[in-house]
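# Working through the structure, step by step
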Amino acid sequence: MNLINALAISIGVLASVATYLCLGTGLGLQVWALFIGWGAYYHTGGTASSISKCAINHAWGAVVATAALFVVATVGGSVAVTSIIVGLSVVVLVLGAHLPALATIPAAVYGYAATAGFALLSGVAIGDLAASAQATVMVLISMIIGTLFGFVSEKGAGLLTAKSGATEAA
């Protein structure tokens with residue numbers, strides 16, 4: 001079986017499992033955040049080291065977004081003030097890449113965007129640090145589980161290609 005077909009099967013089966021995990025268990029996991037983490041796994045190379053790169057950088061992005069949302073709620077003000085706060089927080093997000101552990105900027109951006117998007121669209125009180133932290137944790141857990149689903153889907157596809165390769169060679 002070629003790799004694309006193997007990935008389609010592996011990812012499709014696991015997408016069903018992921019959706020049930022998010023929607024059918026009452027755990028509060030967010031399927032869209034899980035899929036972002038899954039995509040980030042492949043975006044960062046699709047290797048075992050991608051798991052830690054994604055987890056650390058998703059967390060960094062989520063923390064920076066939560067801090068930015070808290071500052072926006074505390075300071076209040078116009079769209080211009082909010083825009084400046086967001087811009088400064090993104091400067092901090094990217095400057096974190098000076099540390100090797102935070103150098104996977106796209107994964108950090110995914111963590112930032114997913115956290116901010118969830119807080120803004122779900123009505124989480126952004127000035128309430130406890131509520132924001134709870135939302136951040138749920139998004140982050142969902143993203144990390146998604147990263148793990150990426151790893152499993154890659155291994156599953158590898159098994160499917162290896163089995164078909166052995167069959168074709170026989």
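Conventions adopted
- Residue positions within a chain follow its written sequence, with the count starting from 1.
- Side-chain atom pairs in this predicted model are given and counted only at pLDDT of 80 or more, local residue features only at pLDDT of at least 70, and totals for whole chains, interfaces and linings cover all residues.
- For the side-chain quantities, the full set of heavy atoms in the structure was used; hydrogens and water were omitted.
- UniProt positions are given in the numbering used here, feature names are shortened, and annotations may be inferred rather than shown by experiment.
- Think of it this way: any DSSP run of H or I at least four residues long counts as a helix, any run of E at least two long counts as a strand, and we number them from the N terminus.
- Whenever a helix is involved, its axis is fitted only over the stretch in contact; in every case the axis is a line through C-alpha atoms, and angles between N-to-C directions fall within 0 to 180 degrees.
- Handedness of each helix crossing follows the sense of rotation of the near helix against the far helix: counterclockwise by less than a right angle gives left-handed, clockwise gives right-handed.
- Here a residue-residue contact requires only that any non-hydrogen atoms of the pair lie within 4.5 Å.
- Count a disulfide wherever a pair of cysteine sulfur atoms falls within 2.5 Å.
- Exposure classes here rest on a 1.4 Å probe applied to the protein chains alone. A residue is buried below 20% of its type maximum, exposed above 50%, and partly exposed in between.

Going by an unreviewed UniProt entry, the protein chain carries the name DUF1097 domain-containing protein and comes from Celeribacter baekdonensis.

## Focus on the UniProt feature "transmembrane region" (unreviewed entry) in the protein chain
Residues annotated by UniProt as "transmembrane region" (unreviewed entry) correspond here to residues 6-35, 55-73 and 133-153. In residues 6-35, helix accounts for 77% and strand for 0%; the two terminal C-alpha atoms are 18 Å from one another.

## Some thoughts on the packing of helix α4 (residues 79-95) against helix α5 (residues 105-122)
Taken N-terminus to C-terminus, the directions of α4 and α5 make an angle of 145 degrees; their axes are 10 Å apart at the nearest point. Considering only the axes of α4 and α5, their crossing is right-handed. Two secondary-structure elements touch here, α4 through Val86, Ser89, Val90, Leu93 and Val94 and α5 through Ile105, Ala108, Val109 and Tyr112.

## Brief notes about the state of the cysteines
One pass over the full model with this rule turns up 0 disulfides. Cysteine 22 forms no disulfide, and the closest cysteine sulfur to it belongs to cysteine 54, at a distance of 17 Å. Classification of cysteine 54 by relative accessible area gives buried; the value is 0%.

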